[in-house]
Structures are given as C-alpha cells and as structure tokens.
Amino acid sequence: MNARHQTHFGFFYFICLTLGPLLVEPGSKAMELNRIVAVVEDGVIVESELDRQLNTIKAKLESSGTQIPPESTIRQQVLERMIINKLQLIQAERAGMQVDESTLQRSMAQLAKQNAMSPEEFRNAIQREGMDYSEFLNEMRNEILMNQLRNSLITSQIQVSDREVEHFLDTQGKQGIDKNIRYRIGHILIATPEAASPEHIQAARARAESVIAKLKQGADFGELAVSSSDGSQGLSGGDLGWRRLGEIPTIFVDHVSAMQKGEAQGPIQSASGFHIIKLLDVDGAGKHVVIQTKVQHILLKTSDLFSDEDAKRKLQFLKHRIEEGDDFATLARAHSDDKTSALNGGDLGWVSPGVLVPTFEEVMAVMSPGELSDPVQTQFGWHLIKVLDRAERDNTDEYRKEQAREEIRKQKIEEETELWLRRLRNEAFVEIRLEKG
C-alpha cells in the first residue's frame, strides 16, 4: 500500500469515527433492497439503509482488528442504533429544529481543517472513497440535529456547583487517588427498561453473567461488546476512551480505581441495567505547568463617532508617549475603556493560555517582557498591549479544579443521556420486522 492509499484509508476511518456508520458504494446490491425492516413512530427504516450502515460498521471493525460477530447479531445491533437515531431525529423535527446551509458548511469546513484539507479537497476525498457527497451531507445534518436536541434537553441543563467540585477533589484526596491518572475503560451494557419487571431484570442479569463467563473463558471484549452491548459505544467495541476518574460513571469509580490492567468486573447493576467493565490501560501524569504572562493593556472601543482609524491613531499617540517616558498605568487609568482593568492601571494580572481572546494572545505570545505592541484589533475594540513579565508556573490546583468541573459535567451528561435514550426507546412505538437469522 503506497503512502497515498494509506492517507485515504486513514481519512476513511476518521470519517467513520466522526459521523458513525454512513455509506457504501452507490450501485451496490444494498441499494436495491427496500424491504421495511423497522417501523419507528410514523417513519420506517428500509433494508437498503440498514445494509449501508452495516457495511460501514464492518469496515470500521475490520480496520480496528476487532472480530466481527455473526451477521444476524451485528445486524440487530446496527438496527437498534438506527432506531435510537431515528427517534432522536423525530424529536428534533417535532421541536422545530433545523440545520441551515451555513451551519452545515461551517461543520464541513471544520472537518476539512481537521484533516488538513480545503473544503474542495475534503469533498473530493469523500468521493474518492466511493461515498455519495449529498448523502454524506445529509448524515452530517442529522448528526448536528441530534447534537442540538441533546444539548437543548440535557447538556444545557447540567450545572456543576463549587461544592460539587470541592467534594469531588476532597473525595479523591481521601482515597489517595492521583487525580491525573487516566484510565482506558471498556464497557458493555445489558440494558433494562424503566420500571422493569423482576422477570426482565433476571433475564438481563443472566445475559450479563453469560458475558462475564465468556470473558473468563478468553473471549475478546471488543467482539462481545459489538455483539451484546446496548451501550452507545457497543458498535465501537465498547471502548470509552481515556478518562480521568471523574469522567467515569459514578458506579464504576470504586471498581476502576482498584482494578488491574486487563481485569474485567461485573455485572454492576444500575438504573440502566447491568454493566461489565474492563480496564484496558492506565496512564499517569505529573504536575500541570503553564507559561503565564503578566500583561497590561489599554482598550479603545469604536462607535459611530469614533472609528477604527480614530482608535488606531489615538493608540499610536499613546504608544509614542509611553516610549517617551510616560507611565503606562497612568495613561490606562485615563484612557482605557476597560474600566475594570483601568482601575489597576490596565493590569490583567498573570494570564494563562486560553484565557484571553485568540488575536490578543497571538500578539502577546511573541512579545518580550517590557515590549509594547502596535494597535491590535479584537472583537472588543483596539488594544495597546504591554508585556510585563513571563514565567513558567505550576497551576496544578487551578487546573485540577477546572478538570474536576469538566469531568463532573461530562459524567452528568453521559448518565442523563443514557437514561434519556433508554426512556425514549421504551416509550416509542417500534415494530421490528427484521428476519431472524
């Protein structure tokens, strides 16, 4: 395989991971099959759609080295994912959500940038892989719609308090856990419906125990996840990726922190069903060190009466005065429109990367201590920047707090999303017409 073909293969795999199962080559036999395989509310899923998604999932599993389960098993798993996605799209449509052309094109441009391509090169690469571009756009539109729906109903409602962050860090400290250790977790979910009957629970437990027995006999975890898991990552081999402890669902935390690499545990019961987890890998990390900059600025805002040219001209004049010996802080107090920092002589304090707007940071990053910038424009107006000092600082405590907040938030989103999807599926009208193999 030459380098060009390797690039295309990597690109194809990236698309699979980004958008999930999408397409197969147009004109294939799958395109000719239109038998209804599922009725979902007032919509249907036809066999040609199922076969397209199934072929892409198979290609993804083959490329990752995961053994493909029997055809009938994986076919049922892929159909279940399609049902869940269709239910979300129906909900989005009922809520009046839409994805306009500009949003779609921005998303395409972002994907192209991630692949170091122009939008045109990205389109050509999709077509070279045998994908229909219009179908690709439609799948991307659906993915954006589902993200908007989940954001509206779940993500935007999640709040994390300072007390939760403190409790999280305190709990980790008492347990003697290194907050920077990352765990790569494999996950299999045997789901139960809400208000499940004792018979349902017992049947799910038996399925979970059967999975555990197969693992003990040496079965491949990824293959079992593909064939058995009802979790959102099941068709990806159950791999939840690298996570710090706070990003792992609460019910797994005590298990994971005590597990050895390669060890599997379960079944672990929750409201969603029975879980089997495996510690695929562990990684440690040290202190978090950043390069901080102590910086001052003078901000001038423009208006109908004070143009960009007026702002630039005034800042050039102030820069000349400072170079001639005037005090920056005194001029900032007198002229800056950033009233908060003006009270401190324009001092923004010690600033870590990512805190200020990108244009400001890009200029500040290449300046030496004591240096004055030319006028710099951002969305807030025009700035005159002075770098006072720069130093390498250990901000591990602040970093851990922000990481903890984000980890708690992700954990809450994941748990609420899983429950919401189960509820959505259980309450919907779904008739599966898939032939049993």
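As shown above, the structure is provided for reference.
Please read all numbers here as calculations on a predicted model, not as lab measurements.

## Topic: the overall build of the protein
- The helix and strand inventory of the protein stands at 15 helices and eleven strands.
- Put simply, the protein has 437 residues, and 42% of those count as buried.
- Counting every atom, the protein has about 23,100 Å² of accessible surface; 47% of that belongs to carbon and sulfur.

## Section: the packing of helix 3 (residues 71-94) against helix 15 (residues 396-427)
- One way to put it is that helix 3 packs onto helix 15 with a least axis distance of 10 Å and a crossing angle of 90°. Comparing their axes, helix 15 and helix 3 come out roughly perpendicular. Listed contacts from helix 15 to Glu80, Ile83, Ile84, Leu87, Gln88 and Gln91 of helix 3 are Trp420, Leu421, Leu424 and Arg425.
- Tallied by class, the residues present in the contact of helix 3 with helix 15 amount to six nonpolar, two polar and two charged.

## Quick word on the packing of aromatic side chains
- Taken as a whole and judged by the stated rule, the model has one aromatic pair.
- Pairing phenylalanine 122 with phenylalanine 136 gives two aromatic rings, centres 6.1 Å apart and planes at 70°, and the pair type is edge-to-face. Of this pair, phenylalanine 122 sits in helix 5 (residues 119-128) while phenylalanine 136 sits in helix 6 (residues 133-153), and the two are 14 residues apart along the sequence.
- Taking the relative accessible area as the measure of exposure, phenylalanine 136 reaches 0% and is therefore buried.

## Considerations on the environment of alanine 38
- By the element assignment, alanine 38 lies in strand 1 (residues 36-40).
- Distance from alanine 38 to isoleucine 432, taken between C-alpha atoms, is 4.4 Å for residues 394 residues apart in sequence.
- Aside from chain neighbours lying at most four places away, what touches alanine 38 is Gly43, Val44, Ile45, Leu79, Ile83, Glu431, Ile432 and Arg433.

## Comments concerning unusual backbone geometry
- Here glycine 266 and proline 267 are connected by a cis peptide whose omega angle stands at -5°.
- Tracing the sequence through the fold places proline 267 in strand 5 (residues 264-270).
- Unusually for a residue other than glycine, alanine 116 sits at a positive phi of about 55°.
- Along the chain, alanine 116 turns up in the loop between helix 4 (101-114) and helix 5.

## What to know about the sheet that holds strand 3 (residues 182-191)
- With antiparallel pairing, the four strands of this open sheet are ordered in space as 4-3-6-5. Each edge of the open sheet is held by one strand with a lone partner, namely strand 4 (239-244) and strand 5. Here the strands of the sheet are splayed against their neighbours by 35° on average, with no regard to which way each runs.
- Here strand 5 runs beside strand 6 (residues 273-283); their pairing, made up of five bridges, is antiparallel. Looking at the pairing, alanine 264 lines up with lysine 278 of strand 6.
- Together, strand 3, strand 5 and strand 6 form the strand contacts of helix 10 (residues 250-258), whose direction differs from that of strand 6 by roughly 40°.

## Re the pattern of salt bridges
- Evaluated as defined, the whole model comprises 22 salt bridges.
- A salt bridge links aspartate 281 to lysine 261, with the shortest nitrogen-to-oxygen separation between them at 3.3 Å. In this pair, aspartate 281 is assigned in strand 6 and lysine 261 in the loop between helix 10 and strand 5, connecting sequence segments 20 residues apart.
- Accessibility expressed as a relative area gives 21% for aspartate 281, which makes it partly exposed.
- When the shortest N-O distance is used, the salt bridge between arginine 409 and glutamate 406 registers 3.9 Å. Of the two residues, arginine 409 and glutamate 406 both sit in helix 15, three residues apart, roughly one turn of that helix.
- According to the relative accessible area criterion, arginine 409 is partly exposed, its value standing at 29%.
- Relative accessible area serves as the criterion here: at 33%, glutamate 406 is assigned to the partly exposed category.

What counts, and at which threshold
Residues numbered from 1 in each chain as written. Predicted model: local features only at pLDDT ≥ 70, side-chain atom pairs only at ≥ 80, totals over all residues. Heavy atoms only, no water. Helix = DSSP H or I, 4+ residues; strand = E, 2+ residues; numbered from the N terminus. Buried < 20%, exposed > 50% of the residue type's maximum accessible area, 1.4 Å probe, protein only. Areas by Shrake-Rupley, 256 points an atom, 1.4 Å probe, with all protein chains shown as cover. Axes fitted to C-alpha atoms, helices over the stretch in contact; angles between N-to-C directions. Parallel < 35°, antiparallel > 145°, perpendicular 65-115°, else oblique. Contact = heavy atoms within 4.5 Å. Nonpolar A, V, L, I, M, F, W, Y, C, P; charged D, E, K, R; others polar. Phe/Tyr/Trp six-rings, centres within 6.5 Å; stacked < 30°, edge-to-face > 60°. Pairing = 2+ DSSP bridges. Salt bridge = Lys/Arg side-chain N within 4 Å of Asp/Glu carboxyl O.

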